[in-house]
Amino acid sequence: MNGLLIVNRHVFIIAEAGVNHNGSVELAKKLIDAAVQAGVDAVKFQTFSADSLVSGDAPKAEYQRVASGLQESQYKMLKKLEMDEAMHNTLMHYSTYSGIEFLSTPFDENSLDLLSNRLGLNRIKIPSGEITNAPFLLKIARTGKQVILSTGMSTLGEVETALGVLAFGYLGGKSKPSPHAFARAFASTGGHRKLQQKVTLLHCTTEYPAPFEDVNLQAMDTLRKAFGLPVGYSDHTDGIAVAIAAVARGAVLVEKHLTLDKRLPGPDHKASLEPDELTVLVRSIRQVEQALGTGLKVPATTEIKNRLVARKSLVATQDIGRGEPFSESNLSVKRPGDGLPPLRYWDMLGRKATKNYCKDERILE
C-alpha cells in the first residue's frame, strides 16, 4: 500500500485548482488560501504548453463550449491559462509557506521536466487523457516519482497496459520498449512491487459535470481487486455526496475542483466547489473516516452503558408464588436487561419458582 497516501486511514484530499486561476498569480494564491482554510492535504494545478498540447483548430469539449463559448478555439482558451516557470515557483513556495502540498498535472514532456526536476515534486498526477500515451507514461515512470493515475474513459485492459508501461519504466528496463516488454514487467514480481510502492489509481468519470448515473463507484472495487493497488476517486459530479460515498467505499484519495466563484469566466469554474462547499466536504470526509472503524463487530465503548437500559430480561407478568410453575401466562420480557436473558424463556417454562415474585419483578433464578 502506498504509505504516503494513506496513514491511519487518513484520506488524502486534493483541491483541484486546475486552471481556475485564469492566468492570475493573485487568484491562484487565493485558491491556495481557500484550500488551506478548508483543510485539504494538497492543492493541484495544471502544467502545460498550449503549443504542445493541442493543435490550432482542435475543438473544445462540450462542457468547455458551454462554459466559455464558441468564439475562441481550445488552443486560444488554453493559451490564456498557461503558467510559466516563475508562476510555478511562486505558487509552490506560497503553498509550502502555507503548509499545504503543491501538486500539478503535466501534459507534455517539458512540463514533466519542470515539475519533476526543476521543482522537485515528490509525485506526479497523470490525467485521464494521457493514460494511453505510452511514451509519456514511460518518461514519467523513469523519473522514479510516485504517480496518481486517473482512469477516466478507460477500460480495465487500458489501465493494465498503462500500469505495464509504468512498471517497465520503474524497473529501469534495458530492453526495447514494446507491448510484450510492458506486459512482462506488469506480470513480474518486481514490477508489481514497484507499482504497489509508487502508484495510486483514481476512478473517474470524465464529464463536467458527471451524471450521477454514470459514476459507477463500484468500479473502485473492480480496480482494487484487479490490480491490488490503492484506489481513490476524482469527482466531477455536482455537490459533495458522491465524493463522501467514495470514501465510505474505501477511497484513499479524493480530488475535487475548487473555484472562488462558479460565475467566473473559464472552462472549469461551473463544475467546481466554492470554498464553503469544500470546507463541508472535508469535514464530512473526516467524519466518515472516523465512522469507518475497524470492521470488528463488538460493542462500542460508548454504547456498553446502554445495554442494561435498552435490553430486556424475563419478568413476572403477575404475582407468582413460591413453587408455582413458570408459564406463558405469568412470564414475559421487559426492560431493563439485568435479569435473566430472554433466551432463557423456553428453559424456564414449567420450572417451579424458588421464591415469591411480584408483578414486573425480574426473574433472577
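Everything here concerns the structure above.
Being a predicted model, the structure only gives us computed values, none of them experimental.

Here is what the cut-offs are and how they apply
- Residues numbered from 1 in each chain as written.
- Predicted model: local features only at pLDDT ≥ 70, side-chain atom pairs only at ≥ 80, totals over all residues.
- Heavy atoms only, no water.
- Helix = DSSP H or I, 4+ residues; strand = E, 2+ residues; numbered from the N terminus.
- Rg over C-alpha atoms; globule rule 2.2 N^0.38 Å.
- Buried < 20%, exposed > 50% of the residue type's maximum accessible area, 1.4 Å probe, protein only.
- Areas by Shrake-Rupley, 256 points an atom, 1.4 Å probe, with all protein chains shown as cover.
- Pairing = 2+ DSSP bridges.
- Axes fitted to C-alpha atoms, helices over the stretch in contact; angles between N-to-C directions.
- Contact = heavy atoms within 4.5 Å.
- Right-handed = clockwise from strand over helix to strand, strands pointing away.
- Phe/Tyr/Trp six-rings, centres within 6.5 Å; stacked < 30°, edge-to-face > 60°.
- Expected span 1.5 Å × (residues − 1).
- Polar contact = N/O pair within 3.5 Å; in protein donor to acceptor, adjacent residues only side chain to side chain.
- Salt bridge = Lys/Arg side-chain N within 4 Å of Asp/Glu carboxyl O.

J.: I'd like a rundown of the overall build of the protein chain, residues and numbers included.
T.: A tally of regular secondary structure across the protein chain gives 16 helices and 10 strands. Expected size for 365 residues packed as a compact globule is a radius of gyration near 21 Å; at 29 Å, the protein chain overshoots this value by more than 25%. For the protein chain, the C-alpha atoms occupy an extent of roughly 100 × 50 × 40 Å along the three principal directions. The 365 residues of the protein chain split such that 47% are buried. Accessible area of the protein chain: about 18000 Å², with a carbon and sulfur share of 53%.

J.: Mind laying out the sheet that holds strand 6 (residues 199–204), listing which residues take part and the relevant values?
T.: The strand order across the open sheet built from 8 strands is 3-2-1-8-7-6-5-4, with neighbouring strands paired in parallel fashion. Looking along the sheet, the strands with just one partner apiece sit at the ends: strand 3 (101–106) and strand 4 (123–126). Neighbour-to-neighbour, the strand axes of the sheet open up by a mean angle of 25 degrees, direction not taken into account. Taken together, the 4 bridges between strand 6 and strand 7 (residues 231–235) define a ladder with parallel strand orientation. By the bridge assignment, C204 is partnered in strand 7 with S234. Of the strands in this sheet, strand 1 (12–18) and strand 2 (42–47) are in contact with helix 1 (residues 25–38), which crosses strand 2 at around 150 degrees.

J.: Now, about the side chain of T151: what can you tell me, with residues and values included?
T.: Summarising the element assignment, T151 is placed in the loop between strand 5 (146–150) and helix 8 (156–170). Setting aside residues up to four positions removed in sequence, T151 forms contacts with S128, I131, V159, L201, L202, H203, C204 and L223.

J.: I'd like a description of the pairing of strand 7, backed by residues and values.
T.: Counted residue by residue, strand 7 has 5 buried out of 5 residues, so it is predominantly covered. The alternating pattern of strand 7 places V231, Y233 and D235 on one face and G232 and S234 on the opposite face, and all of these are buried. What joins strand 6 to strand 7 is helix 11 (residues 219–227), and the crossover it makes is right-handed. Two elements, strand 7 and strand 8 (residues 253–257), share 3 bridges in a ladder whose sense is parallel. Residue pairing across strands places Y233 opposite V254, the latter belonging to strand 8. For the crossover that starts at strand 7, traverses helix 12 (residues 241–248) and ends in the parallel strand 8, the hand is right-handed.

J.: Give me the lowdown on the packing of aromatic side chains, citing residues and values where you can.
T.: By the definition in use, this model includes 6 aromatic pairs. Look at F186 and F227: their rings are 6.1 Å apart centre to centre, the planes differ by 80 degrees, and that puts the pair in the edge-to-face class. Here F186 is found in helix 9 (residues 179–187), whereas its partner F227 is found in helix 11, with 41 residues between them in sequence. Considering the side-chain rings of F326 and Y357, the 6.1 Å spacing of their centres and the 55 degrees angle between planes classify their relative orientation as tilted. Taken as a pair, F326 in the loop between strand 9 (313–316) and strand 10 (331–334) and Y357 in the segment after helix 16 (345–348) lie far apart in primary sequence, 31 residues in all. When its relative accessible area of 2% is taken as the criterion, F326 is described as buried.

J.: I'd like to hear about helix 1, residue by residue, with values.
T.: Taking 1.5 Å as the rise per residue, helix 1 with 14 residues should run 20 Å; its terminal C-alpha atoms sit 20 Å apart, in good agreement. Looking at the packing, one finds that the buried side of helix 1 touches strand 1, strand 2, helix 5 (85–98) and helix 13 (275–292). Sitting at the amino-terminal end of helix 1 is S24, which places a side-chain oxygen 3.3 Å from the backbone nitrogen of E26. At the C-terminal side of helix 1, G39 shows a positive phi close to 95 degrees.

J.: Kindly report on the environment of H257, identifying the contributing residues and their values.
T.: Along the chain, H257 falls in strand 8. Taking the C-alpha atoms as reference points, H257 and K305, 48 residues apart in sequence, are found 44 Å from one another.

J.: Lay out the pattern of salt bridges with the relevant residues and their values.
T.: With the rule as written, the count across this model stands at 20 salt bridges. Among the salt bridges present, the one from E82 reaches K79, with a minimum N-O distance of 3.5 Å. Residue K79 is classed as partly exposed on the basis of its relative accessible area, which comes to 34%. Linking K334 and D360 is a salt bridge whose minimum nitrogen-to-oxygen distance equals 2.7 Å. You can see K334 sitting in strand 10 and its partner D360 sitting in the segment after helix 16, a full 26 residues away along the chain. For K334, a relative accessible area of 35% translates into the label partly exposed. The class for D360 is partly exposed, based on a relative accessible area of 41%.

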